[in-house]
Amino acid sequence: MANKLSIITKGLLKENPTFVLVLGMCPTLATTTSAMNGLEMGLATMFVLILSNIVISLIAPIVPDKVHIPVYIVVIATFVTLLELLMKAYTPDVYRTLGLFIPLIVVNCIILGRAEAFASKNGLLDSALDGIGIGIGFTLALTAIGIVREILGSGAVFGWKFLPGDGALAFVMAPGAFLVLGYLMVLFNKIAKKQ
Amino acid sequence: MAAKSNLVNMVACLFGVCLVCAAVLGSVYAVTKAPIEAAAAAEAQAAIAKVLPEGGQISEGEAALPEGVLAYYEQAGPDGVAAYAVKTVASGFGGPLMLMVGVLPDGTVYNTSVLSHSETPGLGAKCAEEGSHFRTQWQNFAGKFAVKKDGGDIDAITASTITSRAYTKAVAQAVALVKGFHGEEMTVTDASTGASVKSKEE
């Protein structure tokens, strides 16, 4: 049991995809303009990650080595397209903010990375847990970056405005994303090392 | 362990995986098709309704469209068309600025709304903020279509003259179309090329 739990917790701390593995930087930098956007992007990625991990762990034994990458990509792309269709149909507002970045989940290195490094070598349950752990780690990291950028950039958290005025514009734009990511990474690794 | 990588295995495996994936996607597409279309239609309807007075059947107009106008809709009134909603686009600072503009038959702007834009956050993007002075001044506007700096009647957004000019031009295009229907001539001046030597957003 402790073993299963550690699969989840390592995704949060020791192998946090954003702050430790430094994977999937494109959506991390681009979609974290506010806490809500970061959270939604994290959840969307987690959805794809868990499902693709499960399916890949099931089909890995019968996939010939030389074609395993194309097969995994087809599986991942299928789930991403599925997510895109579902979001368009049932949550059009979320789709409007994240739209462009949803198809890009296909090429998010976290997902293919976990498929290669974990799901293809482990069973269904472990792979699903790994997807949950890494997914939560990614979601929390994106939300954290989003919260900091939203506070500094627009004086608000999750859309709740507590400071009048505009805040430091740079944090809403690209330079702020790099700055916040860098400092949070320092902070995270400092805390993680102490433990 | 993984199956052997001979030709037959590889082809069979890829074929099988693609077949299953295609089947899954096909069925999900079929299920979500109607809701997606409904959502898109509802969004378009809401955008049109926002810039028009209440009431009246709305139908898409069929006249030839001038440059910059993507579509227009007519709202039926007791005698003829009560108002027009015009979907119009102009080049903003960061890319196309697409608006829905409600215009009354006499050429008065009823209301405007931003459909999509890629202006700078915190500067030009303010043009999409409902209720700001820049937006409310457009309600029932019938003045000269140019920002005050260019001799018109529009208060530009601070530090976003290019965006304000694009917005003004887009609205002017809509009004020109409607005036054209009623036999009036109106030329849309492009302040962004005529008056602007500076290419940077001021």
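Only a predicted model underlies this, so the values are computations on that prediction, with no experimental measurement involved. (Residues numbered from 1 in each chain as written. Chains lettered and ligands numbered in written order. Predicted model: local features only at pLDDT ≥ 70, side-chain atom pairs only at ≥ 80, totals over all residues. Heavy atoms only, no water.)

1. Description of the overall build of chain B
Link 1 in the chain: Within chain B, the secondary structure is distributed over four helices and five strands.
Link 2 in the chain: Helices (α) and strands (β) of chain B occur, in sequence order from the N terminus, as α-β-β-β-β-β-α-α-α.
Link 3 in the chain: With respect to the principal axes defined by its C-alpha atoms, chain B has extents near 75 × 50 × 30 Å.
Link 4 in the chain: With 202 residues in all, chain B has 39% of them scored as buried.
Link 5 in the chain: Partitioning the contacts of chain B with sequence separation of at least 6, the portion at a separation of at least 24 is 47%. (Helix = DSSP H or I, 4+ residues; strand = E, 2+ residues; numbered from the N terminus. Buried < 20%, exposed > 50% of the residue type's maximum accessible area, 1.4 Å probe, protein only. Contact = heavy atoms within 4.5 Å.)

2. What about the packing of helix H6 (residues 109–119) of chain A against helix H7 (residues 124–154) of chain A?
All names here are of chain A.
Link 1 in the chain: With their axes 11 Å apart at the nearest point, H6 and H7 run at an angle of 145° to one another. The two elements H6 and H7 cross, and the hand of that crossing is right-handed. Where H6 approaches H7, its residues Ile110, Arg114, Phe118 and Ala119 are matched on the opposing element by Asp126, Ser127, Asp130, Ile134 and Phe138.
Link 2 in the chain: A breakdown of the residues in the contact of H6 with H7 according to their chemical character gives five nonpolar, one polar and three charged. (Axes fitted to C-alpha atoms, helices over the stretch in contact; angles between N-to-C directions. Left-handed = near helix turned anticlockwise from the far one by under 90°. Nonpolar A, V, L, I, M, F, W, Y, C, P; charged D, E, K, R; others polar.)

3. A look at the pairing of strand S3 (residues 81–91) of chain B
Residues and elements named next belong to chain B.
Link 1 in the chain: The pairing of strand S2 (residues 69–76) with S3 spans seven bridges and is antiparallel. Bridging from a neighbouring strand, valine 69 pairs with threonine 88 of S3.
Link 2 in the chain: Remark: four residues form the turn of the hairpin made by S2 and S3, two consecutive strands paired antiparallel; glycine 80 in that turn has positive phi of roughly 75°.
Link 3 in the chain: Here S3 pairs with strand S4 (residues 96–103) via eight bridges, running antiparallel. From the neighbouring strand, lysine 87 faces S4, where its bridge partner is methionine 100.
Link 4 in the chain: Connecting the antiparallel pair S3 and S4 is a turn made up of four residues, with glycine 95 showing a positive phi of about 150°. (Pairing = 2+ DSSP bridges.)

4. Quick notes on the environment of alanine 166 of chain B
Residue and element names in this part refer to chain B.
Link 1 in the chain: Looking at the secondary structure, you find alanine 166 in helix H3 (residues 161–181).
Link 2 in the chain: Given the relative accessible area of 4%, alanine 166 is considered buried.
Link 3 in the chain: Residues alanine 166 and valine 147 lie 19 residues apart in sequence; the distance between their C-alpha atoms is 10.0 Å.
Link 4 in the chain: Not counting residues up to four positions away in its chain, the partners in contact with alanine 166 are Ala90, Ser91, Gly92 and Leu97.

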